[in-house]
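Spelled out, the chains give:
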Amino acid sequence: MFESLIGLAAIIALFVIISRQQSRIGLVERELGALRSLILSGAVPPVAKPSEQAATDSKPADVVAAVAAADMASPAVSEAIVAPAQAPEPVAVATSEAVPGPWSAGEAPKAAEPVEPVAAAKAPGKPDIETALGTRWAVWVGGIALALGGLFLIRYTIEAGIFGPGVRLTMAAVLGLVLVAGGEFIRRTGFKVPVQGVAGAYIPAILTAAGAFILFGTVYAAHGIYGFIGPAPAFTLLGAIGVATIVAALVHGQALAGIGLVGSMATPALVSSQAPNPWALFVYLAIVLAATAAIARMRDWKFLIAAAFFGTGAWTIAYMTNAPGADLAVILFIDTVTLAVLALVWLGSRGGEEETAKQGFDWPSIVPGVFVAFSALGLSVDSTLVAAGDALPGALVLVALVATALYRPRALPLLHTAGVVSVMIYLGIIPPTTIGPDLSQGNIGFDGLQVAAGNPLTLRIGIGLGLVFVGAGFWAARRFAAVARIRAACWAAWGIAAPLVILLALWLTYGNLDRDFVYAAAAVLLVVVFAGGGDWIARAEEPPLRGGMAVSFALGGAAIAGLLMLHMAFDSGWTTILLGAAAIVPALATRWRSYPVLGWISVGAAIAVLGRVGFDPTIVGAEFLSRTPVFNWLLPGYGVPALAFGFAAWQLARTTKGRPRLAMEAAAALFALLAVAMLVRHAMHGGVIDTGAMTLAEQAIYTLIAIGAGAILVAIDMRSPSSVLRYGSMAAGVVSVALIAVRHFVVLNPLFTDESTGQIPVFNLLFLAYLLPAIAAGGLALYARNKRPKWYAQMLAVVAAVLALAYATLSVRRLFKGEFIGLWSGLGQLETYTYSALWLVIGVALLTAGVWLKSQVLRIASAALIAIAVLKVFLFDMSELEGVLRALSFIGLGAVLIGIGLFYQRLLTRAAKENG
């Protein structure tokens, strides 16, 4: 069974190797075909003379020797051989540098075709199939065979009983040492690979890897299977083999280092002990990590160092989650070592400050950043660990992360992990959604259980962390503002985000939510620091004071801090009013600084006020709102923001212009409308604006407000053109028409609701709901002509005509029926005749107005109304009316139609004379 498994593994490995080589051979064949086509086409220069070829053959031999010597100190052992640059004539380079196979040894070497040096550098020769079989495949399979041979030898001696366990392990150890020594001997005796593309089959490295594999197995068997050595010697030997293998990678390549690292990280899991010593484990991991980092730094092996950090971090988290009573000092020790190795070994001096900043970030730093930050999370919120260290060690680890990122600019991921964990910790202290993990149970999440919230140091630690993020963030942002803007923005963002979250969490947890002047003073301090810091960063920009991303984050943070200050220091009403007025401040600041973010801060203030009034439209709460019409909290609550937004738009129009100005104009118009609408609703409902059904009178006032707003926006747009005002005015008109069509004519129509129209003959509900909107819509249509699209004015004109018709018709109905005009009260014959006469009169009036105003839409409306009157006379009046009323109906209709015909004939005659 054992041999079958080993054989199956070998077959799979061989199949993978062959598959990879087949693809490479196919690529070589295609490139050779392309080269053959190039030669046949005559694009390659003629062959060099044999004498010239022989003269140049001596020099490349020296170059080959030099390259081979360099290969002994580097894993790249098979780079293309470069011809001397000082050759006076083009050097003849063979089209294939592959060593000929044994069956071609007797053939005379053909003269190589010369190519230009640049072309040779771009297209190095490729090995043939024989080279692949004789160099790479043979070496790979041989290395696997050696490693498996050691295992089979041990297996055979066990089954045959030839030697005892001690002798068998000794023989295996000797075999491993022999392989390692053999690899070193071959390397030291001048081994070189002058064949292109066979670096992966470097024989010394494969022999050393096979020997290390056998030695690992031998030591583990001596401890875990036979019990010849105890945990401490086994741990020491396995660790020494792993570290030695990693060190050997300096001359044998990164793959060997990976083997050694895996063995080193697996050693603690292979060696068990009845009384494990965490200090021994983490001191050992620190040594492995430092050795791996030193070697990875020499060769710039990013994957190797990332794997080393991952292994160390995984052991740390495993210890914190599984150990019954983790030692705080051990955790702090390994975190310190991890950061020290990252900063001092892996990220050693790599150039000047500006050059380092331009290199971006070091992605392997993500791994230690994540593990160290989450260990800080455990130290800060786990009940056992917090009790051991009062949550202070976790904060110190976070500070160390920020300091490391500040010291090594390429370790920027450490800043992000420290910021995320800090935010998690302080969001977790807010009741009832606190982070209450018990790392011994492995559950990290929001479970509503307060663990660290009651710690007396939480407040002071939060203040300290906030100061660290502010100081480091703004200092680094200014440092990189001119050379690395994204890096500067990252530092500025965390410099404002972490302190704001900490302040908010502390206020919600420990402060007075109604009014707390202490926390408000802290927020004011943040406003000053963020605003001053943003300007300080802007002075270091290139060009100065351009207001880049870092400055935008800083000033945006100042605005958010100001928002918190208003909520901490004032009640609901004053917060809304002052927040609206605060939109003026950034707009005024554009007089001295042209930072693009200033206008958007004003927009942010408008959005915040809109959110507040959406949450509480009464401004101060329904129970505190006065019932006095107009002069109550609604007037300043909506009016002051409207005025402030208008002033901000005016100011921005004279400085920065752009989209923020348009947004503020829209906000000013919106809040002006809201102010009037809310005051009307307050007055119509006796001081209560959040209850009661809407009446037709109230809706009429809203409609008049919308129409008036459209007219005001048109007038302002004529003086100060703005796309917001243009489209806003049309939107107000369209909304007005929609309200009229739906609510005036259908939903709230007194014909259907039987609502009281009032006892006053003229100035009643019909006057307010139909005649005044008709006049307003007609006036806006007339004013908007040639100022807005044609369809807009025509739409308003038609609505005005229909409203006038509705007013006249409903007034006739009221004249016959009184205060209540519901349809269920029926129709009288005189009333029916009056409607016909009225519609004909209105039709003639519309025709006259259309001719006078040269409005085709009014003339069409007149024709439509008269057509409706004609249909009514012939279809309804003929059957419903009797006697003289029926006759008068038809006589009146005929007279009107004849008069209209004469009117149009005179118009046409006059037009013909004028044109003739």
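Counting restarts for each chain: residues are numbered from 1 in the order of the written sequence. Local features are withheld for residues below a pLDDT of 70 in this predicted model, meaning they are given only at 70 or higher, and side-chain atom pairs are given and counted only at 80 or more; totals for whole chains, interfaces and linings count all residues. By convention in this description, side-chain values take in all heavy atoms of the structure and omit both hydrogens and water.

Engineer: How would you explain the packing of helix α17 (residues 458–480) against helix α18 (residues 485–510) if you had to name every residue and give the values?
Structural biologist: For the pair α17 and α18, interaxial distance at closest approach is 8 Å and the crossing angle is 160°. Viewed along their axes, α17 and α18 adopt a mutual orientation that is roughly antiparallel. Note that α17 runs across α18; the crossing there is left-handed. Note that Gly is not counted as nonpolar here; it falls among the polar residues with everything else outside the nonpolar set of Ala, Val, Leu, Ile, Met, Phe, Trp, Tyr, Cys and Pro and the charged set of Asp, Glu, Lys and Arg. Residues of the contact of α17 with α18, tallied by class, amount to 19 nonpolar, 5 polar and 2 charged. Working convention: axes come from line fits to C-alpha atoms, limited for helices to the stretch in contact. Angles between N-to-C directions cover 0 to 180 degrees. Going along the chain from the N terminus, every DSSP run of H or I of four or more residues is numbered as a helix, and every run of E of two or more is numbered as a strand. Here the angle decides the label: under 35 degrees means roughly parallel, over 145 means roughly antiparallel, 65 to 115 means roughly perpendicular, and every other value means oblique. Should the near helix be turned anticlockwise from the far one by less than a right angle, the crossing is left-handed, and should it be turned clockwise, the crossing is right-handed.

Engineer: Kindly report on the pattern of salt bridges, identifying the contributing residues and their values.
Structural biologist: By definition here, a salt bridge exists when the distance from a side-chain nitrogen of Lys or Arg to a carboxyl oxygen of Asp or Glu is within 4 Å. In total, this model carries 7 salt bridges according to the counting rule given. Here K302 and D300 are joined by a salt bridge, their closest N and O atoms 3.2 Å apart. Linking E665 and R661 is a salt bridge whose minimum nitrogen-to-oxygen distance equals 2.9 Å. One end of the pair, E665, and the other, R661, are both in helix α25 (residues 658–684), 4 residues apart, so they sit about a helical turn from each other. The pair E665 / R661 is uniform in exposure class, with both members buried. Through salt bridges with shared partners, one network takes in D535, R539 and R593. Only protein chains enter the accessibility calculation, which uses a 1.4 Å probe; a residue is then buried when its area is under 20% of its type maximum, exposed when over 50%, and partly exposed in between.

Engineer: For the packing of aromatic side chains, give the residues involved together with the corresponding values.
Structural biologist: Within 6.5 Å between ring centres, the rings of Phe, Tyr and Trp (the latter by its six-membered ring) count as paired, and their orientation is classed by plane angle as stacked under 30 degrees, edge-to-face over 60, tilted in between. The final tally for this structure, using the stated rule, is 11 aromatic pairs. Judged by centre distance (6.4 Å) and plane angle (20°), the ring pair of F745 and Y770 falls under stacked. Within this pair, whereas F745 is found in helix α27 (residues 723–747), its partner Y770 is found in helix α29 (residues 765–784), the two being separated by 25 residues in sequence. Look at W791 and Y792: their rings are 5.9 Å apart centre to centre, the planes differ by 85°, and that puts the pair in the edge-to-face class. The exposure class of W791 is partly exposed, given its relative accessible area of 46%. Judged by its relative accessible area of 0%, Y792 falls in the buried class. Its end group placed over the ring of F480, R487 keeps NZ or CZ at 5.5 Å from the ring centre. By the criterion adopted, a ring carries a charge over it if an Arg CZ or a Lys NZ lies within 6 Å of its centre and within 35 degrees of its normal. Against the face of Y783 rests K787, its NZ or CZ located 4.5 Å from the ring centre.

Engineer: Give me the lowdown on the environment of A411, citing residues and values where you can.
Structural biologist: Relative to the helices and strands, A411 resides in the loop between α15 (392–407) and α16 (412–427). Distance from A411 to G369, taken between C-alpha atoms, is 8.5 Å for residues 42 residues apart in sequence. Contacts are assigned to residue pairs that have any heavy atoms within 4.5 Å of one another. Setting aside residues no more than four positions away along its own chain, A411 makes contact with L342, L347, S365, T404 and A405.

Engineer: Which residues make up a nonpolar patch on the surface, and what values go with them?
Structural biologist: On the surface, a nonpolar cluster with roughly 570 Å² of combined accessible area is contributed by F303, F361, W363, I366, V370 and F374. For the nonpolar patch, the element with the most residues is helix α13 (residues 366–381), which contributes 3 residues. Two joining distances apply to patches: 9 Å for like charges and 5 Å for nonpolar side chains (Val, Leu, Ile, Met, Phe, Trp, Tyr), and every residue must have over 30% relative accessible area and no salt bridge. Calculation of accessible area relied on Shrake-Rupley with a 1.4 Å probe; when residues are assessed, cover is drawn exclusively from the protein chains displayed.

Engineer: Please provide a residue-by-residue account of the nonpolar core, values included.
Structural biologist: Side-chain atoms within 4.5 Å are what join buried Ala, Val, Leu, Ile, Met, Phe, Trp, Tyr and Cys residues into a set we call a nonpolar core. Counting 102 residues, the largest nonpolar core has L398, L401, Y426, W491, F530 and M568 as its most contacted members. The contact partners of L401, leaving out residues within four places of it in the chain, are L339, G369, V372, A373, L414, T417 and A418. Among the nonpolar cores identified, the runner-up in size contains 45 residues, and V737, A769, L780 and L865 belong to it.

Engineer: Residues and numbers for helix α19 (residues 517–538), please.
Structural biologist: The span one expects for a helix is its residue count, reduced by one, times 1.5 Å. Given a rise of 1.5 Å per residue, 22 residues ought to cover 32 Å, and the 31 Å separating the end C-alpha atoms of α19 matches this to within 8%. Taken together, the buried positions of α19 are Y519, A520, A523, L526, F530, G533, G534, D535, I537 and A538. Tucked into the core, α19 has its buried residues touching α17, α18 and α20 (549–569). If you check the start of α19, you find a side-chain oxygen 3.2 Å away from the backbone N of V518, and it comes from D516. N or O atoms closer than or at 3.5 Å make up a polar contact, with two conditions inside protein: a donor-capable atom paired with an acceptor-capable one, and, for residues adjacent in sequence, both atoms drawn from side chains.

Engineer: I'd like to hear about the side chain of T757, residue by residue, with values.
Structural biologist: For T757, the location among the structural elements is in the loop between α28 (750–753) and α29. Its relative accessible area of 1% is what places T757 among the buried residues. There is a polar contact of 3.1 Å between the side chain of T757 and the side chain of R814. Discounting chain neighbours no more than four positions away, the residues touching T757 are P750, N764, L765, L766, R814, G818, E819 and I821.

Engineer: How would you explain the side chain of H682 if you had to name every residue and give the values?
Structural biologist: Structurally, H682 can be placed in helix α25. Look at H682 and you get buried, because its relative accessible area is 0%. There is a polar contact of 2.7 Å between the side chain of H682 and the backbone oxygen of S626. When residues no more than four places from it in sequence are discounted, the contact partners of H682 are L625, S626, R627, T628, P629, N632, L634, G687, V688 and I689.

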